[in-house]
Structure formats: structure tokens, C-alpha cells
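# Understanding the architecture of this molecule
Here's the letter readout for the chains.
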Amino acid sequence: MAEREEPMLVDGTTSDWQGRWDHVKKFLERAGPFTHPDFEPSTESLQFLLDMCKILVVGAGGLGCELLKDLALSGFRHIHVVDMDTIDVSNLNRQFLFRPQDVGRPKAEVAANFINRRVPGCRVVPHFKKIQDLDEMFYRQFHIIVCGLDSVIARRWINGMLLSLLVYEDGVLDTSSIIPLIDGGTEGFKGNARVILPGMTACIDCTLELYPPQINFPMCTIASMPRLPEHCIEYVRILQWPKDKPFGDGVALDGDDPKHIQWVFQRSLERAAQFNITGVTYRLTQGVVKRIIPAVASTNAVIAAACGTEVFKIASSAYSTLNNYLVFNDVDGLYTYTFEAEKKENCSACSQVPQDMRFSPSATLQDVLNYLTDSTSLQMKSPAITTTLDGKNKTLYLQTVASIEERTRPNLSKTLKELGLVDGQELAVADVTTPQTVLFKLSFTS
């Protein structure tokens, strides 16, 4: 006897049906051994999740797809998603909201449309743009922000934005201005999830040393003694591309252009053959050029579930949140632990005090620039340095605008004394890693 097929209720148009949220009610409408001591079971918590709570998901890739699915099925109906990327065929093995016909389309829009069709009553609003293109009024509307990013710079920018939204009255933080940040990250079979209460707990910049540095190969090895397939690819990317100019003068290498990747792949094969190196593949070439972090679907699922659980706990106030950093590793067996990341008193992002910068008067502005980019606690990318001299604002160096960079470049070789800087001088530094200007207090050493 053939089994009778049950209709898929989620494919219908009915927003709610009997028993739809029974799995959520079990957590919110009764007490339990793990509930928060101050939690009072009621029907109001569920209604808040369904009708009022607004969540922002940053990133619609491997983690983002899992997060959108988890949040929508947990009762969150007002979700926004931001992603500037488009779908690549290599995404389809793990980013399950996308299909082959979606290749080339914006991730945020496709993911939002999929969830809206699949989960009745849920309204996901897509934003196909950079996070930097959205202003503080946009971010201020959300109750919780959850990140599924593969960029440390983007994490730091979101962190800085939420810190800029904090309100202080007579030096005391107004807790109603806090927007919790849930951050998840994966790399292969390793992952982490963390809860950040801006202004209260350790922020992204407080623990900047935890993020792995980008791998760079020595130029001498790349040029003279390549031993790995990655060395061959880097040789073509760094040295051969600007020399041969395969697509015309001034055309930069685009990791998302298949023609560019194919050219680099072929040249890398040729160089590998010269040194009897094997292992150069198209996929490896794409990974090296785009600095792709290896992704595993199961790791994304675990970390997204951890992040989604923390969103649920914060939104419902039913359970104590993670305090405050979870590490997951299933490279060899299964290992997980939590620890409390400590807030740095002198954090450049959240400490509310100018950072101390100690240099000799004979040090050059280039030395200061190197410090800002090389310091493990700062790791800036393209810092712009300004100060106030004789009551006027003066740009000492700015490299993101070509005309200003050319005009201020001679300052790099000048000493701090020659620039007119004195002991106790305040330097304002802007960088792509934060929407805020970071203040430094210059202290001269003898």
C-alpha cells in the first residue's frame, strides 16, 4: 500500500497553523533547570519574537545561509540581510539557499527570496551593498546583529559602528543603547562563536590577536626557490601579471573574472613545470588569488546553530548567554570549550581614552605608519593621520586619495620634530577597519 504524502505546510500561504510554534513554546512558556533565575514563563516572549524583534544578518555565504534558515525556523520574522557578493558556482556545494540558475545573482537577494518563499510569515529584506554604505540610522533599528563574515576588516567595522551608537551620560553607559553583536567564524573544521555586548564586554578589537595573520610567502622564495604550488601562483600574481599586462595596461587582476583566473592558472602551470612542482589546480589558483578560506558545510552548520541559539537566548531573556567565546574543533575527534575574553582597558576601539603612542622626536612619520599597520593590537590597513597645528587641522598623510597621497608623501620621511609635533600631541587616525576616528596621544621618549 502506497504511503499517503503529507502536504508541505511551509509551501502554503498560511502564516501560522496549529502547533507550528510548539517547539519554541516549550522553551518560553515553562521553566526548566537551565532557564535564567529571573525568567518568568509567558506567552509574551514568543509574541515579541514573532511580531517585533528585528535581526540583522551580515553575510549571506556559508554561515549566512545557515543563520537565515535557523532564525526563520526559530520564530524570527523580521530579518534583514546584507551582502555585497554575488553567487559563484563554487558556492553551491554548501550554500544551500542557492541553485545553479542563481549563479551571478546577488547572494542577499536570492537568500532572502528563498527564505520568504519557504517559511510563511517570515519577511527577509535583502541589501545588496557594502556594510559601509549603510548609515547609523539603519543599524540603530535592530535589536540584535549577527555576523557570518570571512573578513576581519568587516568585523572590525561593524564592531566600530555599534560602539559609535553607544550613549554615555556623565561617563556612564546607557545600557538601552547597546545592540548585542553575535559573531561567528569558520575555517575548515575549526570555528568559533562569541557574544559581544558593546561597551560592556570584550569587543572585536580587544581580541584582535586571536585572528590568524594572512599568510604571505617571502619574495625571495617566490622568485628564486619555489617549493610549493602556492609559490608558483603567487609568482604569477605578484610579478608576472603586472609585467605581462595580459588584459591591457592598468587592468588589475580580478579574482572573480574567470578569464583572469584561467590566465594565472596557465602561467602557474608553466612555472611549476620548470621547477618540477605538482599540485597546481584551477581551484587552488582561485583560492590563492582570492585568499579564500577553506569552508566545510558541517562546521558552518554547527557555528550557525551556536550563533542562532545565542540570538534566541538574548531575544527571549529565557537563558543566560554565552560568556563569551566558544571554540569548536573537529579536526581530530570533537573538541569544544568556552572562555571569557577579557575587555582591554586600553582597547583602541572601546576604551573611550586616547591611545598612548611612544616615539623618539627623531622618528619619522613612516615609523608611525608602520606601527599602526604592524602592531598586533591595531592591524590597520591604510591609516590616514591628521592633527591640529597652530589651531588648524592638518593632514599629515592620506593614501586613499591619489592627489592627497602625492602631496603628503614627502611627510613620511620627515621626523616628528620636523613636522612640528610636540610631546602630548593628539593624532587622529582614520582607517577602513572602523567608522570611528581613533585618537592617539604622542609621548616623546628620550
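Here is what the cut-offs are and how they apply
- Residues numbered from 1 in each chain as written.
- Predicted model: local features only at pLDDT ≥ 70, side-chain atom pairs only at ≥ 80, totals over all residues.
- Heavy atoms only, no water.
- Axes fitted to C-alpha atoms, helices over the stretch in contact; angles between N-to-C directions.
- Helix = DSSP H or I, 4+ residues; strand = E, 2+ residues; numbered from the N terminus.
- Parallel < 35°, antiparallel > 145°, perpendicular 65-115°, else oblique.
- Left-handed = near helix turned anticlockwise from the far one by under 90°.
- Contact = heavy atoms within 4.5 Å.
- Nonpolar A, V, L, I, M, F, W, Y, C, P; charged D, E, K, R; others polar.
- Polar contact = N/O pair within 3.5 Å; in protein donor to acceptor, adjacent residues only side chain to side chain.
- Salt bridge = Lys/Arg side-chain N within 4 Å of Asp/Glu carboxyl O.
- Buried < 20%, exposed > 50% of the residue type's maximum accessible area, 1.4 Å probe, protein only.
- Phe/Tyr/Trp six-rings, centres within 6.5 Å; stacked < 30°, edge-to-face > 60°.
- Lys NZ or Arg CZ within 6 Å of the ring centre and 35° of its normal.
- Pairing = 2+ DSSP bridges.

Relative to each other, helix α8 (residues 229-244) and helix α10 (residues 282-290) sit at 60°, their axes nearing to 10 Å. In terms of their interaxial angle, α8 and α10 are classed as oblique. Once α8 is placed against α10, the crossing between them reads as right-handed. Contacts from P229, E230, I233, E234 and R237 of α8 reach α10 at L284, T285, V288 and V289. In terms of residue class, the contact of α8 with α10 is built from five nonpolar, one polar and three charged.

Now for the environment of N116. Take N116: it is sitting in helix α4 (residues 107-118). Between the C-alpha atoms of N116 and R77, which are 39 residues apart in sequence, the distance is 9.5 Å. Every residue in contact with N116, bar those within four places of it in the chain, is listed here: C122, R123 and V124. Of note is the side chain of N116, whose polar atom sits 2.7 Å from the backbone nitrogen of V124.

According to the stated counting rule, one finds 16 salt bridges in the structure shown. A salt bridge links R77 to D16; the shortest N-O distance between them is 2.6 Å. Pair noted here: R77 is in the loop between α3 (62-73) and β2 (78-82) and D16 is in the segment before α1 (22-28), with a separation of 61 residues, a long-range link. The exposure class assigned to R77 is buried, which follows from its relative accessible area of 10%. The residue D249 makes a salt bridge to K245 at a minimum N-O spacing of 3.3 Å. The exposure class assigned to D249 is exposed, which follows from its relative accessible area of 66%.

Here the structure, examined in full by the defined rule, presents 12 aromatic pairs. On the numbers, 5.8 Å between centres and 85° between planes, the contact of F359 with Y371 is edge-to-face. On the criterion of sequence distance, the pair formed by F359 in strand β11 (residues 355-359) and Y371 in helix α12 (residues 365-374) is long-range, its members being 12 residues apart. On the basis of relative accessible area, F359 is assigned to the buried category, the value being 14%. Through successive ring pairs, a cluster of aromatic residues spans F138, Y139, F142 and W157. Directly above the ring of F142 sits K54, whose terminal nitrogen or CZ lies 5.7 Å from the centroid. If you follow R271 out to its NZ or CZ, it ends over the ring of Y235, 3.5 Å from the centre.

Reading across from one edge, β3-β2-β1-β4-β7-β8-β9-β10 is the order of the eight strands in this open sheet, with mixed pairing throughout. Each end of this open sheet is capped by a strand with a single partner; those strands are β3 (123-127) and β10 (335-339). For this sheet the average axis-to-axis angle between neighbouring strands, irrespective of direction, equals 15°. Across the sheet, α4 is in contact with β2 and β3; its angle to β3 comes to roughly 175°. The sheet contacts of helix α11 (residues 297-316) involve β1 (54-58), β4 (144-148), β7 (181-187), β8 (190-196) and β9 (325-329), and relative to β7 the element is tilted by about 170°.

Taken together, five strands build an open sheet; the order of strands is β11-β15-β14-β12-β13 and the sheet is mixed. Both outer strands of the open sheet, β11 and β13 (392-397), are each paired with one neighbouring strand and no more. Across the sheet, the mean angle from the axis of one strand to that of its neighbour is 35°, orientation sign disregarded. When β11 meets strand β15 (residues 434-444), the two strands line up parallel, connected through five bridges. Following the sheet pairing, R358 is matched in β15 by S443. Contacts between α12 and the sheet are confined to β11, β12 (384-389), β13, β14 (426-431) and β15, with β11 contributing the most and set at about 135° to the helix.

To continue, consider unusual backbone geometry. Cis geometry is adopted by the peptide bond preceding N324, which originates at N323 and carries an omega value of -15°. Along the chain, the position of N324 falls in the loop between α11 and β9. Positive phi is not limited to glycine here, since K245 has a value of about 45°. Summarising the element assignment, K245 is placed in the loop between α8 and α9 (258-274).

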